[in-house]
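As a plain string of letters, each chain reads:
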Amino acid sequence: MLARPGLSIDLFGPRDLLESELESLPRHLAAAGSHLSIHHASDVIRQDQRPTDALRRGGGTSMACMLAHLSRGGALAGISSGNTGALMALSRRELGTVADIPRPAISTAIPTRGEGRCYLLDLGANVDVTAERLVDFARMGSVMARHIDGLASPRVALLNVGSEGTKGSASVREADAYLSGMPSLNYCGFVEGDGIFAGAADVVVCDGFVGNAVLKASEGLARMLIERVQSTFEAHWGSRLVGLLARPALRRLKNDLDPVRYNGASLLGLDGIVIKSHGGADATGFSYAVLRAVQEVSRGLPSQLALELGSRHERTQ
């Protein structure tokens, strides 16, 4: 917020708790309090609460109140680190979707070779998907990469177990046939898991089960590599000396690999902007989710999706 003085934030939750947190802010952050508004919500959605239960009984929760506020135009974007399933269900009910998209997809950017990044979707919202849903993901991801990252023609790929056309599930092979006949999309075929991080595509599409597994595995691998490098340089006095000399390079490596920098997943396809922050994110991590929301607001992402996905059923003639 200090870097963006024009930004104002509405906080939803139990008033006493929020006021206590604001009062405990460090002195150098006290001025930020003037940009924060508290909206009382007496209840919260539990992390283990089912989405169906949240839809039936979650009307007075902080998450539901935040989304209602967003729907009424009280804010330009909503951010939550709460229950992902409940956030998806309540967002879909409150905001609806663009271009008749049946269900939004969860998407985030992950680091790739050469300081690039790749959008991966879906990350868990849609576990069992049809070929048509994969095509929707591809088109939404392409729109996001063009308007958020300024890529003229983002490379779009389907995640598969091989590059051969005979491999993969029936839905993946059918989606491949559809996407190959779409001249409006820069489709480059199948990519395997290692191709994601090699920068083989700007958008990689898969079902939510696979996408969530890839994301969590990559976050765990990044943390393990950082810990291994640190422990290696701390092993004995000789390596500690080398570590002191290499500290600037190690700091850059840690920053590049740190999953915190990529916190903030878009609920792509909603008729509004909702960002899911990692439940365990610290203040720095949450700030990246806020910046993600600011980017999408500045680019008018839902409007772009509605405009470009209006002809959802574009197929080979």
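Look up a bit, the structure's there.
Bear in mind that the values here come from a model prediction, so they are computed numbers and not experimental data.

The rules behind these values
- Residues numbered from 1 in each chain as written.
- Predicted model: local features only at pLDDT ≥ 70, side-chain atom pairs only at ≥ 80, totals over all residues.
- Heavy atoms only, no water.
- Helix = DSSP H or I, 4+ residues; strand = E, 2+ residues; numbered from the N terminus.
- Buried < 20%, exposed > 50% of the residue type's maximum accessible area, 1.4 Å probe, protein only.
- Areas by Shrake-Rupley, 256 points an atom, 1.4 Å probe, with all protein chains shown as cover.
- Core = buried A, V, L, I, M, F, W, Y, C linked by side-chain atoms within 4.5 Å.
- Patch = residues over 30% accessible without salt bridge, like charges linked within 9 Å, V, L, I, M, F, W, Y side chains within 5 Å.
- Salt bridge = Lys/Arg side-chain N within 4 Å of Asp/Glu carboxyl O.
- Expected span 1.5 Å × (residues − 1).
- Pairing = 2+ DSSP bridges.
- Contact = heavy atoms within 4.5 Å.
- Polar contact = N/O pair within 3.5 Å; in protein donor to acceptor, adjacent residues only side chain to side chain.

(A) Structural detail: the overall build of the chain. Counting its regular elements, the chain contains 12 helices and 10 strands. When burial is assessed residue by residue, the chain has 41% of its 317 residues classed as buried. Working note: accessible area of the chain is about 16,300 Å², and carbon and sulfur atoms make up 54% of it.

(B) Here's a closer look at the nonpolar core. Core analysis: the biggest nonpolar cluster contains 33 residues, and Leu134, Phe137, Met140, Leu158, Leu179, Val205 and Leu305 have the highest contact counts within it. Top element by residues in this core is helix α5 (residues 131-149). It accounts for 10 residues. Counting residues in each nonpolar core, the second largest holds 31 residues, with Leu90, Cys118, Leu215 and Leu267 among its members.

(C) View of a nonpolar patch on the surface. On the surface, a nonpolar cluster with roughly 270 Å² of combined accessible area is contributed by Val127, Phe209 and Val210. Residue classification places Val210 among the partly exposed residues on the basis of a relative accessible area of 31%.

(D) Geometry of α5. In this model α5 runs 26 Å from its N-terminal to its C-terminal C-alpha over 19 residues, within 8% of the 27 Å that 1.5 Å per residue would give. Taking burial as the measure, the 19 residues of α5 include 15 buried ones, the bulk of the element.

(E) The pairing of strand β4 (residues 105-112), seen in detail. Most of β4 is tucked away: 7 of the 8 residues are buried. Taken together, the 3 bridges between β4 and strand β9 (residues 265-268) define a ladder with antiparallel strand orientation. Bridging across to β9, Ala105 finds its partner in Leu268.

(F) Structural context of helix α11 (residues 283-299). Compared with an ideal rise of 1.5 Å per residue, which puts 17 residues at 24 Å, α11 spans 25 Å between its outermost C-alpha atoms and is within 8% of the ideal. Those residues of α11 that are buried are in contact with β3 (78-80), β5 (116-121), α5, β9, β10 (274-276) and α12 (301-308). Taking the backbone nitrogen of Thr284 as reference, a side-chain oxygen 3.2 Å away marks Asp282 as the first, capping residue of α11. One or two residues past the end of α11 sits Gly300, with phi positive at roughly 60 degrees.

(G) Main features of the pattern of salt bridges. What the rule picks out here adds up to 8 salt bridges. Asp149 serves as the salt-bridge partner of Arg117, at 2.4 Å between the closest nitrogen and oxygen. With Arg117 in strand β5 and Asp149 in helix α5, this residue pair connects regions lying 32 residues apart in the sequence. Residue Asp149 is classed as partly exposed on the basis of its relative accessible area, which comes to 28%. Between Glu296 and Arg292 there is a salt bridge; the shortest N-O distance is 3.4 Å.

(H) Layout of the side chain of Ser80. Mapped onto the elements, Ser80 comes out in strand β3. A relative accessible area of 10% places Ser80 in the buried class. Polar side-chain contacts of Ser80 include one of 3.0 Å to the backbone nitrogen of Gly82. Sequence-distant contacts of Ser80, that is, excluding residues within four places in its chain, are made with Met63, Met66, Leu87, Ile275, Lys276 and Ser277.

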